[in-house]
Amino acid sequence: NKHHIPKGSQAYSPKGVRDKFEQAVTDEGGDIAKVLKNKHKYKELLELWYASFLAWAINKWLNKKYFIYQADNPISPGSPDTIFLNEHDGEAFPVEITELHFNADDIRRAKGSHDRKNCHLLIISRKNKPAFNVSEFVRAIQEHNWKFERIWLGIYTASSVTWTFFELFPSAQTDEVSSIQVSTKNKEDMSFWY
């Protein structure tokens, strides 16, 4: 395929990423917050962690299992963070991952100059703010001219242990924002976890 997976790269399923994440938590004395907050030490692991939930949601949506490769290469600036590969049919796509700290304009400044027409952008929000207005954020994202194939917003809701992924770009033909939800508390969702 046309996506470069570094030689010797390990592929991870969502379960495989969870095992790697749990080991890091164990290494930090059982403190999950230490792993989530140490973005320098655990940068690659956190990218895999967030990507794993999107892979799980895509499996629920399309019944396709993508394995995740860490593709970020410090020697090659501009390389995507991860590559999703469906080992069954060889379909692959890169995914760039960023956390939402402020607003759509900040995302645009950080990622808007990238020309990644065959790449997905995954914006992660772990904020537990009930007042987060997804529709308003979608409108702000769609005001810009993006050079990504697709933009996802992943929102984690701690109270229900749920990840919701909104498809922000390309814009839908309706006012409704497409979304996929997965939760470890939902038996049906867990049947798509691999």
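### Things to note about the pairing of strand β2 (residues 67-70)
Here is step 1: Both strand β1 (residues 11-12) and β2 contribute to a ladder of 2 bridges, which runs antiparallel. Counterpart to Y12 in the pairing with β2 is I68.
Here is step 2: Judged from the 4 bridges that link them, β2 and strand β3 (residues 82-85) form a sheet pairing that is antiparallel. Looking across to β3, one finds that Q70 is bridged to T82.

### Observations concerning the side chain of T98
Here is step 1: When you line up the elements, T98 lands in strand β4 (residues 92-99).
Here is step 2: Each residue touching T98, except ones within four places of it in the same chain, is listed here: I107, K111, L121, L122, I123 and I124.

### Section: the pattern of salt bridges
Here is step 1: Taken as a whole and assessed by the stated rule, the structure comprises 11 salt bridges.
Here is step 2: D19 serves as the salt-bridge partner of R18, at 2.8 Å between the closest nitrogen and oxygen.
Here is step 3: For R18, a relative accessible area of 27% corresponds to the partly exposed category.
Here is step 4: R18 is the salt-bridge partner of E22, the closest N and O atoms lying 3.7 Å from each other.

### A short note on the pairing of strand β7 (residues 162-169)
The side chains of a regular strand alternate, residue by residue, between the two faces of the sheet.
Here is step 1: The buried count for β7 comes to 8 of 8 residues, which makes it a mostly enclosed element.
Here is step 2: As judged from the 7 bridges shared by strand β6 (residues 148-157) and β7, these two strands associate in the antiparallel manner. Across the sheet, I151 pairs through a bridge with F169, a residue of β7.
Here is step 3: The pairing of β7 with strand β8 (residues 179-183) spans 5 bridges and is classified as antiparallel. Residue pairing across strands places T164 opposite Q181, the latter belonging to β8.

### Some details on the environment of K41
Here is step 1: When you line up the elements, K41 lands in the loop between α2 (32-37) and α3 (43-62).
Here is step 2: Among the polar contacts made by the side chain of K41, one reaches the side chain of E28 at a distance of 3.0 Å.

### What about the sheet that holds β1?
Here is step 1: Ordered by their spatial adjacency, 8 strands build an open sheet running β1-β2-β3-β4-β5-β6-β7-β8, and the pairing between neighbours is mixed. Because the sheet does not close on itself, it has two edges, and the strands there are β1 and β8.
Here is step 2: In this fold α3 packs onto β1, β2, β3, β4, β5 (116-125), β6, β7 and β8, with an angle of close to 110° to the strand it touches most, β8.
Here is step 3: Contacts between helix α5 (residues 134-142) and the sheet are confined to β5, β6 and β7, with β7 contributing the most and set at about 35° to the helix.

### A few points about the confidence of the model for the chain
Any segment with low pLDDT has predicted coordinates that should not be analysed in fine detail.
Here is step 1: Residues with a pLDDT of 70 or more make up 88% of the chain, whose mean pLDDT is 87.
Here is step 2: For the chain, the element scoring lowest by mean pLDDT is helix α4 (residues 104-111), at 79; helix α1 (residues 14-27) scores highest, at 98.

### Observations regarding unusual backbone geometry
In most cases, non-glycine residues show a negative phi, while peptide bonds are predominantly trans.
Here is step 1: In this model, F169 is joined to P170 through a cis peptide bond whose omega is 5°.
Here is step 2: With respect to the helices and strands, P170 occurs in the loop between β7 and β8.
Here is step 3: The backbone phi angle of N63 is positive, close to 60°, even though this residue is not glycine.
Here is step 4: In this structure, N63 sits in the loop between α3 and β2.
Here is step 5: Residue N63 is classed as exposed on the basis of its relative accessible area, which comes to 60%.
Here is step 6: In this model, V161 sits at a positive phi of 50°, which is unusual for a non-glycine residue.
Here is step 7: Relative to the helices and strands, V161 resides in the loop between β6 and β7.

Reading the values: the criteria
- Residues numbered from 1 in each chain as written.
- Predicted model: local features only at pLDDT ≥ 70, side-chain atom pairs only at ≥ 80, totals over all residues.
- Heavy atoms only, no water.
- Pairing = 2+ DSSP bridges.
- Helix = DSSP H or I, 4+ residues; strand = E, 2+ residues; numbered from the N terminus.
- Contact = heavy atoms within 4.5 Å.
- Salt bridge = Lys/Arg side-chain N within 4 Å of Asp/Glu carboxyl O.
- Buried < 20%, exposed > 50% of the residue type's maximum accessible area, 1.4 Å probe, protein only.
- Polar contact = N/O pair within 3.5 Å; in protein donor to acceptor, adjacent residues only side chain to side chain.
- Axes fitted to C-alpha atoms, helices over the stretch in contact; angles between N-to-C directions.
- pLDDT = per-residue confidence, 0-100.

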